[in-house]
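Residues per chain, in single letters:
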Amino acid sequence: PYSEPEVAGVGFWSGRRGVAFAAFLVALAGFVVYRDSLTSRFLYDDINLIVINPNIRDLSNLKGLIAGGRPVRALTFILDYSLWGYNPRGYHLSNIFLHLTGAILFFLLIKRLFRDSLIALGAAMLFVVHPAATEAVVMVSHRKEMLAFIFMLLALLFYHSASWPSRGVRGEANPACGGTRWG
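From a predicted model like this one, the values you see are computed outputs, not experimental measurements.

**Some remarks on helix H8 (residues 143–163)**
- Taking 1.5 Å per residue, 21 residues should reach 30 Å; H8 reaches 30 Å between its end C-alpha atoms and fits that length.
- Those residues of H8 lying buried are Arg143, Met146, Leu147, Ile150, Leu153, Leu157 and His160. Angular distribution of buried residues about the axis of H8 spans 160°; they occupy a single face of the element.

Here you go:
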């Protein structure tokens, strides 16, 4: 029969409160590192993609946006324009939010793979503050990298949920795995 692997990091960090607190710490660290970008103006490609781009002003230009490539990014620009107009602070806030979302999803994936919240917290903290992400977070036009990262992590999390043998909290079979106990 199938037996659950040992779960490292028992105690506070393995419970739901510990996971939520770890996610909060990751988000807090990322916000502290990138909060200064909220005072930035639009930079370089941001001018062409946002300020002088009439297609982001409403959904009636959706066909032009899709034809222009990167439609998901363009849809986020439409959403930002509807919320913030041409105020760069809002666009930068959206980028920070996307970066923090990616970091939290990264934390969840590492936790699921290694079954250890502290390893996942360390990896996510390193990711969220690493300077390699600066260009993607600070330049609104580079949002596409964060969106791709988020969708990749979601795909991996869903794949892992559907294919990895696991049980629910009371030992019942996981419905995402076809309801079997894998044993």
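More follows now that the structure is in view.
**Observations concerning unusual backbone geometry**
- For tyrosine 44, which is not glycine, the phi dihedral falls at a positive 40°.
- By the secondary structure assignment, tyrosine 44 is in the loop between helix H1 (16–34) and helix H2 (45–51).
- Given the relative accessible area of 67%, tyrosine 44 is considered exposed.
- The phi torsion at arginine 115 lies on the positive side, around 55°, for a residue other than glycine.
- The residue arginine 115 is located in the loop between helix H5 (88–114) and helix H6 (117–129) in this model.

**Section: the confidence of the model for the protein chain**
- For the protein chain, per-residue confidence averages 82 on the pLDDT scale, and residues scoring 70 or more make up 81% of the total.
- The low-confidence segment residues 1–8 (pLDDT under 50) makes 14 contacts with residues lying over four places distant or belonging to another chain.
- Across residues 176–183 the pLDDT falls below 50, and counting only partners more than four positions away or on other chains, this stretch makes 22 contacts in the model.

**Description of H1**
- Look at H1: 27 Å from first C-alpha to last across 19 residues, which is about the 27 Å you get at 1.5 Å a residue.
- When we look at burial in H1, the residues that qualify are Gly18, Val19, Ala22, Ala23, Val26, Ala27, Ala29, Gly30 and Tyr34.
- Its buried side turned inward, H1 meets H5, H6 and helix H7 (134–138).

**Comments concerning the side chain of histidine 92**
- As for its position among the elements, histidine 92 is in helix H5.
- Looking at histidine 92, the relative accessible area reads 0%, which means it is buried.
- Histidine 92 has contacts with Ser37, Leu38, Ser40, Arg41, Val137, Val138 and Val140, leaving out every residue within four places of it along the chain.

Calculation criteria
Residues numbered from 1 in each chain as written. Predicted model: local features only at pLDDT ≥ 70, side-chain atom pairs only at ≥ 80, totals over all residues. Heavy atoms only, no water. Helix = DSSP H or I, 4+ residues; strand = E, 2+ residues; numbered from the N terminus. Expected span 1.5 Å × (residues − 1). Buried < 20%, exposed > 50% of the residue type's maximum accessible area, 1.4 Å probe, protein only. Arc of directions from axis to C-beta. pLDDT = per-residue confidence, 0-100. Contact = heavy atoms within 4.5 Å.

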